[in-house]
Amino acid sequence: MQSDRRPTVTDEVIVINDDLDVNYGVFKNGFTFRRAANSWRLWPMLEFVPPKLNPTIAEMFDAGVAWTLCEHVSVAVSGWAEYIFEGPDGPITQVWTPGCHNADNGGGYLPAGEFTRCFHDDFTLCCVVQKFQRTPGIQYNFEVMTGSATLGSGALFVHYVTGPRQRQTDFDLVAGHVLDIAPSDIAIIGRLR
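Here's a quick rundown of the structure. Since the model is a prediction, treat every value here as computed from it, not as a measurement. (Residues numbered from 1 in each chain as written. Predicted model: local features only at pLDDT ≥ 70, side-chain atom pairs only at ≥ 80, totals over all residues. Heavy atoms only, no water.)

A look at helix α1 (residues 55-62)
Right, on to step 1. Turning to α1, its buried residues are Thr56, Ile57, Ala58 and Met60.
Right, on to step 2. Next to the buried residues of α1 lie β4 (67-70), β5 (73-87), β6 (90-96) and β8 (107-111).
Right, on to step 3. For α1, the N-terminal capping position is held by Asn54, with its side-chain oxygen 2.9 Å away from the main-chain nitrogen of Thr56.
Right, on to step 4. The positive-phi residue at the C-terminal boundary of α1 is Gly64, with phi of around 105°. (Buried < 20%, exposed > 50% of the residue type's maximum accessible area, 1.4 Å probe, protein only. Helix = DSSP H or I, 4+ residues; strand = E, 2+ residues; numbered from the N terminus. Contact = heavy atoms within 4.5 Å. Polar contact = N/O pair within 3.5 Å; in protein donor to acceptor, adjacent residues only side chain to side chain.)

Structure, rendered in structure tokens:
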């Protein structure tokens, strides 16, 4: 039976601003964690748009798993986890490995229904987390980037999830700024909507 609300061995919190933190959580090996339906309701919901670019989410959406779209991003950093969703014909298992993330259409997709995760090999998840006393009326747009790119528009921040600058953040970047990210590395870009 599940006994922990957040089954992590360690948590590291990095402050982004008055509204957002980045959290790195290492989850307990072999632990199975069930998330209740609609357990994300504390995070601001965005207008739902079907996922189109992220194969991790689009595959489950196409299989009939119901999703919500929130101001939240999760990226798998290390280890692996089994995510078990309820599809129209029963349970569907998806394995999350480093690089899997939930970002698409400017937000993060989270299951609408109950789902279960089982953690292995020090599964580590990096998440952009909303603070409870956030600024009213502000909305954020998130993107997960792999590989170098030139910013087409300014960004409030770029947080380096993996690579030589892991856990570092650059702030107030202007359009035209070149992000030096290796093809195997990951960064989260945050902007205002």
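Some remarks on the sheet that holds β8
To summarise the sheet geometry, strands pair through backbone hydrogen bonds and adopt either a parallel or an antiparallel arrangement.
Right, on to step 1. Strand order in this open sheet of 3 strands is β4-β8-β7, and the pairing throughout is antiparallel. Two strands lie at the open edges of the sheet, namely β4 and β7 (103-104), each paired on one side alone.
Right, on to step 2. Bridge count for β4 against β8 is 4 bridges, and the pairing is antiparallel. Within β8, the residue paired with Thr68 across the bridge is Leu110. (Pairing = 2+ DSSP bridges.)

Examining the environment of Cys70
Right, on to step 1. On the secondary structure map, Cys70 appears in strand β4.
Right, on to step 2. Each C-alpha atom of the pair Cys70 and Glu47 lies 8.5 Å from the other, and the pair is 23 residues apart in sequence.

A short note on the sheet that holds strand β12 (residues 155-160)
Right, on to step 1. Taken together, 4 strands build an open sheet; the order of strands is β10-β15-β12-β13 and the sheet is antiparallel. Where the open sheet ends on each side, the last strands, each with one partner, are β10 (140-146) and β13 (169-173). Averaged over all adjacent pairs, the angle separating strand axes in this sheet is 20°, with direction ignored. (Axes fitted to C-alpha atoms, helices over the stretch in contact; angles between N-to-C directions.)

Regarding the pairing of β8
Right, on to step 1. Counting buried positions along β8 yields 5 of 5 residues, so the element is predominantly enclosed.
Right, on to step 2. As paired strands, β7 and β8 are joined by 2 bridges and run antiparallel to one another. Within the sheet, the bridge partner assigned to Ala103 lies in β8 and is Gly108.
Right, on to step 3. Counted along the chain from β7 to the antiparallel partner β8, the turn is 2 residues long, and its residue Asn105 has a positive phi close to 55°.

Quick notes on the packing of aromatic side chains
Right, on to step 1. Taken as a whole and assessed by the stated rule, the structure comprises 13 aromatic pairs.
Right, on to step 2. Ring centres of Phe142 and Phe157 lie 6.5 Å apart, and the angle between their planes is 55°; this geometry places the pair in the tilted category. On the criterion of sequence distance, the pair formed by Phe142 in strand β10 and Phe157 in strand β12 is long-range, its members being 15 residues apart. Summarising the burial analysis for this pair, Phe142 and Phe157 share the class buried.
Right, on to step 3. Joined through ring pairs, the aromatic side chains of Phe27, Trp67, Tyr83, Phe85, Trp96, Phe115, Phe119 and Phe123 make up one cluster.
Right, on to step 4. Across the ring face of Phe31, the terminal group of Lys28 is positioned such that the distance to the ring centre comes to 5.7 Å.
Right, on to step 5. Positioned above the aromatic ring of Tyr24 is the side chain of Arg167, whose terminal nitrogen or guanidinium carbon lies 4.0 Å from the ring centre. (Phe/Tyr/Trp six-rings, centres within 6.5 Å; stacked < 30°, edge-to-face > 60°. Lys NZ or Arg CZ within 6 Å of the ring centre and 35° of its normal.)

A word on the nonpolar core
Right, on to step 1. With 22 residues, the main nonpolar core has Trp67, Tyr83, Phe85, Trp96, Phe119, Phe123 and Leu125 as its most contacted residues.
Right, on to step 2. For this core, the elements supplying multiple residues, two or more each, are α1, β4, β5, β6 and β9 (115-130).
Right, on to step 3. In contact with Phe85, other than residues within four places in its own chain, are Met60, Val65, Trp67, Gly90, Pro91, Ile92, Gln94, Pro111 and Phe115.
Right, on to step 4. Counting residues in hydrophobic clusters, the runner-up holds 18 residues, among them Ile14, Val22, Phe142 and Phe157. (Core = buried A, V, L, I, M, F, W, Y, C linked by side-chain atoms within 4.5 Å.)

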